[in-house]
Amino acid sequence: MKFLILFILAGCLYFTSPANAQSKKVTVDTIHVHGICEMCKERIENAAYIKGVKNAKWDAQTSSLEVFYRTDKTSKEEICKSIANAGHDNDLIKATDEQYAKVHACCKYREQHQH
Amino acid sequence: MHHIMYSLVLILVVNFAISQTFLEGVVVEENAKGILAPLIGANVYWSGTVTGTTTDTVGIFKIPDDHNNHQLVISYIGYQSDTIQIEDHDKLTIVLKSTVDLNEVEVIFREKATKIDFRSSINKQIMGEKELFKAACCNLSESFETNPSIDVSFTDAVTGTRQIEMLGLAGIYTQLTQGNMPYVRGLASSLGLTYVPGAWVESIQVTKGIGPVINGYESMAGQINVELKKPEGEEKLLVNTYINQSGRSELNLHKTFKLNKNLSTSLLGHGAVRPLKTDGNNDGFMDVPQMQILNLTNRWKFDNQKGLMGQFGIKALLDDKVGGQMAFDKSLNRDSTNPYGVGINTKRVEGWYKTGYVFSEKRYKSMGIQLYALNHQQNSFFGLRNYEAKQETYYANFIYQSIIGNTNHQFKTGLSFLSDHYDEVFEVNYFRRLEQSSGAFFEYTYDYHEKFNLIAGMRVDYNNLFKWVITPRLHLRYAVSEKTVLRASVGRGQRTANIFAENMSLLASSRSFEITSSNDKSAYGLNPEKSWNGGISLSQDFRLNYKEGVLVVDFYRTEFIDQVIIDRDNDPQKVLFYNLSGRSYSNSFQTTIDYEIMHRFDLRLAYRWYDVQTDYLEGRLSKALVANHRGFVNLAYETKNKWFFDYTFNVIGPKRLPGTESNTIPYQLETNSPSFVTMNTQVSKSWTKKWRAYIGVENLTNFKQNNPILSSEQPFGRYFDSSLVWGPIFGRMIYLGASFTI
């Protein structure tokens, strides 16, 4: 029983503490980002995690990135710019050819539907 | 993932990864005026898979055929996703409707090291490569360190064998399969887990509660299926090494060869040695035995590109372990009473063949056959006690899969045959058993969108020793919402106990084995074990501080109708085997939270509680050496440049120790073991996806059970017992290793 109580307590403690963070202005956006695979997912998410981003999850099936961010610290444009910089075309910004050239061979989403 | 369950067997039988044909079509939108226009960049993928593509500038797509899946999903931001049933090869025209509500996006899947299959009606965790990396060493018995549903403990302080437990019941009640064919069973019950090197494993599926009927009637508390790396997989070469401070060294190799577009093969090799003798607790006994293992597998896979696919393989294993007192030398003191020694020598050869055919015009229809043969020989001695055993097993399973009307109603049916032949010599007693069972099964799957699934299975077998075996099983899943899933399962299981092989740890004691037979023709004169298992689980996705998490709560109950009772409480100088009269049950409750604290920083918290009670001759007792409480924390952090940090914390509650009160004072134990904490940690780094190096520490706090061997100074005396192990038998252990993959 001791353990159960300890665990519940630990759980409660942990899960109540971050609540204060929610008072800040956080918004959620869904951004369409081109990509193919798990490697793309890693690259896209890492790129999306710029300062002010709380959570970013890209789904390979729908090619959509769900991103939570603080509007006082960053913007959708900033996030999209960072993603394009990593080589992934998205709703707002298309990656330059140089940026696109950096992605791994298996992630060449622009060529994907041509072969 | 959608169809993982339904096609569980066929995926393995037929392996659809390489596809031969393409499905083509066009995706168009219908505007307000009803005019059709092509949609550019729409996503097209097979439901529940990552096989997908996007439409080109005129809305056309071409997607590799997926024989295993006939549900194609088309999605496009701002449009309603559409799932269509693919029945034939005709070119498709798909019309997507615009939707105002942008939130109508598909459920987002997170790629986790361990994931619970959200859409399957079976409570099944899939442990991928990432999870397996967390336990750097070395074989299946050590792969579950980060899985709170499975308890791993040492069986005794001499053979160094680890056993698993699910739902508070010994590993023997969990069916262990490899590629969904029989694997760790029979004579391999104790050591079999160590015969699967971790580096060979692609994934492990852990099912809590009863399994599907297709794989036989033996799953009682759970099922663990291991998938080895495939010849047609992405990995071309793997070299993996490991060494720890006790001198244990391991080497793994995996090499694939693609001979042509129809045929591929792979070689898997594993060698392990522990040449040194170590005695960390100064009891005169080696903590773990010296060992030498050589394990080789050759796998083949063919695909005629027209729907016929198959694979076959052969596996050979040599395992030699020598343990006991430090002074023991096998070549000199084999039959003497000083010093005490233990030797276990195992030779094992297995072969399997699986083939499957998918009807190309009707992709929902397929059939497959699985064949398996095994020869297992063990020669062993524990002091002056000899145990020699042989097992020959043959297995065949034929599966036919189709639908009733539409793909909401699927079924699998088939026939199976299992033959086990055992020859055992224990001390001066000879036991022989030929057990054969033939049976038929039918499994119906109902799938109502993603809201509700049901799997109802029934199998009827005829066993030459135990007559008819009826095995009904039912799994239900109901998605209350996108974030909440309820599951329930109930079913019957049966198995035949191999009392010596399953209790080998008891051989390293002075206990005499006494069997109370109730009939003369069955296994050792004992009844088969029969049980009902039922459980419910709730899985709740949540979001906290913008991060996602999953809470899983489950409860399982197993009630034995018949059980072979292993009674160590009656007399500390004996172990009694007899049929259950009265009740024996296990209740298991577990709650687990998986949560992403930060990007790339995952937390897993778990608590589990067991109540396992059995009616012994001396009355109802809770099961010995099972902890009622266990708490678990795992933290995993990964940096951008591929450093991985992993930390596991376990707190294990008191365990009841078998009764020793009739022993003279120095050989009496407490009634319960103390609770204790163990911690493991590992740091690894990978470079360019090819190189990976790791260093870790097992049992960080150096907690050890003092005197794990009772009467270790007199191993041939009356009180000697090495099976009263409740905690770690060796202390802090540092290991390091590296792997190279291309």
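Every chain's residues receive numbers from 1 upward, in the order its sequence appears when written. The lettering of chains begins at A and the numbering of ligands begins at 1, in the order of writing. Given that this is a predicted model, residues contribute local features only at a pLDDT of at least 70 and side-chain atom pairs are listed and counted only at 80 or more, while totals for whole chains, interfaces and linings are drawn from all residues.

A. How the structure looks around the overall build of chain A. Within chain A, the regular secondary structure consists of four helices and three strands. When the helices and strands of chain A are listed from N to C terminus, the series reads α-β-α-β-β-α-α. Across the 115 residues in chain A, those meeting the buried criterion constitute 37%. For the purposes of this entry, the term helix denotes a DSSP run of H or I that reaches at least four residues, the term strand denotes a run of E that reaches at least two, and both are numbered from the N terminus. Comment: burial labels come from other C-beta atoms within 10 Å of the residue's own C-beta, placed from the backbone, where a count of 20 or more is buried, 12 or fewer is exposed, and between is partly exposed.

B. Geometry of the sheet that holds strand β11 (residues 150–154) of chain B. Residues and elements named next belong to chain B. Strands are treated as partners if at least two bridges between them are detected by DSSP. Overall, antiparallel pairing links the three strands, which are arranged β11-β12-β13 in an open sheet. Single-partner strands in this sheet number two, and they are β11 and β13 (169–170). Here β11 runs beside strand β12 (residues 162–166); their pairing, made up of five bridges, is antiparallel. Paired with S153 across the strands is Q163, a residue of β12.

C. A look at unusual backbone geometry. All names here are of chain B. Within the chain, E427 stands out as a residue other than glycine whose phi angle is a positive 50 degrees. One can find E427 in the loop between β26 (406–426) and β27 (429–448). A positive phi angle, close to 70 degrees, is found at K642, a residue other than glycine. For K642, a count of 13 C-beta atoms within 10 Å translates into the label partly exposed.

D. Just the sheet that holds strand β3 (residues 43–46) of chain B, in detail. Residues and elements named next belong to chain B. Read across the open sheet, the four strands follow the order β4-β3-β6-β7; overall the sheet is antiparallel. The open sheet has two edge strands with one neighbour each: β4 (52–54) and β7 (82–85). Each strand of the sheet is rotated relative to its neighbour by a mean of 20 degrees, with strand direction disregarded. Where strand β6 (residues 71–75) meets β7, four bridges bridge the pair, whose relative direction is antiparallel. Looking across to β7, one finds that Q71 is bridged to Q85. As a rule, the C-alpha atoms of each element are fitted with a line to give its axis, helices using only the stretch in contact, and angles between N-to-C directions run from 0 to 180 degrees.

E. Layout of the packing of helix α2 (residues 38–48) of chain A against helix α3 (residues 76–85) of chain A. Residue and element names in this part refer to chain A. The interhelical angle for the contact between α2 and α3, taken along N-to-C directions, is 140 degrees, at an axis separation of 8 Å. Taken together, the axes of α2 and α3 lie oblique to each other. Relative to α3, α2 is oriented so that their crossing is right-handed. Judged by residue contacts, I44, A47 and A48 of α2 engage I79, S82, I83 and N85 from α3. Under the scheme applied, nonpolar residues are Ala, Val, Leu, Ile, Met, Phe, Trp, Tyr, Cys and Pro; charged residues are Asp, Glu, Lys and Arg; polar residues are all the others, including Gly. In terms of residue class, the contact of α2 with α3 is made up of five nonpolar, two polar and no charged. Should an angle lie under 35 degrees it is considered roughly parallel, over 145 roughly antiparallel, and from 65 to 115 roughly perpendicular; all remaining angles are considered oblique. Definitions for this section: a left-handed crossing has its near helix turned counterclockwise from the far helix by less than a right angle. A right-handed crossing has that turn clockwise. Once C-beta atoms are placed from the backbone, any two residues with those atoms within 7 Å are in contact.

F. Looking closely at the environment of D59 of chain A. Residues and elements named next belong to chain A. Within the secondary structure, D59 sits in strand β2 (residues 53–59). For D59, a count of 22 C-beta atoms within 10 Å puts it in the buried group. Note: C-alpha distance between D59 and A86 (27 residues apart in sequence) is 17 Å.

G. Highlighting the nonpolar core. Among buried residues, those of type Ala, Val, Leu, Ile, Met, Phe, Trp, Tyr and Cys that are joined through C-beta atoms within 7 Å form a set called a nonpolar core. Ranked by internal contacts, the top residues of the largest apolar core, which has 87 residues, are A157, V196, V201, V226, V564 and F577 of chain B. Looking at which element gives the most residues to this core, the answer is strand β24 (residues 366–382) of chain B, with four residues. For the purposes of this description, domain bounds are those given by an automatic or database domain assignment. Of the domains in this structure, domain 2 (114–226) and domain 3 (227–232 + 240–741) of chain B are the two that each give at least three residues to this core. Among the nonpolar cores identified, the runner-up in size contains 24 residues, and I36, C40, I79 and A95 of chain A belong to it.

H. Structural detail: the pairing of β2 of chain A. Residues and elements named next belong to chain A. The buried fraction of β2 amounts to seven of the seven residues, a majority that puts the element mostly inside the structure. Pairing analysis gives six bridges linking β2 to strand β3 (residues 64–70), with the strands arranged antiparallel. When the bridges of β3 are listed, W58 appears paired with L65. Hairpin connection between β2 and β3: a loop of four residues separates the two successive antiparallel strands, and S63 in this loop has a positive phi of roughly 55 degrees.

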